[in-house]
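Residue-level listing of the chains:
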Amino acid sequence: MRRLDAPAALAGQADTLSVVAAAAARWFKKPAAAAVASARTARLRAAGFRDEAVKARPAPDGADLSFALREAAEHAAAAVVEAARQDLPHDKQLASAASALASAAKALAGALAAKGAARAAALVDAKRWAGECERLRRTTRAAAHEDSAFVAALTREKAADRLSRAAEALQRAADVLGADLS
């Protein structure tokens, strides 16, 4: 692998987060081994881009951005892997939360590539979608408390929490990018 500069490595991390989140959305919509494999592969790719970003010695805000992107990718992939391990069936609420996370990740990747007003608009969009993911997590957790299947309820709750942590990390990444605007 050729050595990347910090902006290219950060862009790779953002794109990889989009891939992980999209794989999560596919898996929760219709569980399939291909989506789990895609999430695992993207997690490894995110780790590689993180290593490249560190080697490029980015400015402190670039390091914070890289860490947040890696954390978001880790949590999104973990949501899928853990749910697959527990044989969690199709879940509409988790699929919606993962889709919101995927939309947030796509907007964040767009913000990273943009400047000025376009970056600000993309960051607002990313934060709005991440907030939607969090709202859906609360709905999923409330529904899990009503579920009589204890193990399935815990698995759904844990997956929702992982997606929520991914959205929180994505929001931190958006905050770091937004600091350049002021």
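Please read these numbers as outputs of a predicted model, since none were measured by experiment.

> I keep staring at the environment of A143 and nothing clicks. Help me out?
Tracing the sequence through the fold places A143 in helix α5 (residues 116-146). Distance from A143 to R156, taken between C-alpha atoms, is 9.2 Å for residues 13 residues apart in sequence.

> For this particular structure, what's the right way to read a nonpolar patch on the surface?
A contiguous nonpolar surface patch, about 320 Å² in accessible area, is contributed by F150, V151 and L154. Note that L154 resides in helix α6 (residues 150-179).

> Mind showing me how you'd approach the packing of helix α4 (residues 92-113) against α6 here?
Following both chains from N to C, one finds α4 and α6 inclined at 15°, their axes separated by 10 Å at the closest point. Of the possible angle classes, the one that applies to α4 and α6 is roughly parallel. In this structure, α4 crosses over α6, and the sense of that crossing is left-handed. Across the interface between the two elements, Q93, L94, A97, A98, L101, A104, A105, L108, A111 and L112 of α4 pack against R156, A159, A160, L163, A166, A167, L170, A173, A174 and L177 of α6. Partitioning the contact of α4 with α6 into residue classes produces 18 nonpolar, 1 polar and 1 charged.

Reading guide: rules and limits
- Residues numbered from 1 in each chain as written.
- Predicted model: local features only at pLDDT ≥ 70, side-chain atom pairs only at ≥ 80, totals over all residues.
- Heavy atoms only, no water.
- Helix = DSSP H or I, 4+ residues; strand = E, 2+ residues; numbered from the N terminus.
- Patch = residues over 30% accessible without salt bridge, like charges linked within 9 Å, V, L, I, M, F, W, Y side chains within 5 Å.
- Areas by Shrake-Rupley, 256 points an atom, 1.4 Å probe, with all protein chains shown as cover.
- Salt bridge = Lys/Arg side-chain N within 4 Å of Asp/Glu carboxyl O.
- Axes fitted to C-alpha atoms, helices over the stretch in contact; angles between N-to-C directions.
- Parallel < 35°, antiparallel > 145°, perpendicular 65-115°, else oblique.
- Left-handed = near helix turned anticlockwise from the far one by under 90°.
- Contact = heavy atoms within 4.5 Å.
- Nonpolar A, V, L, I, M, F, W, Y, C, P; charged D, E, K, R; others polar.

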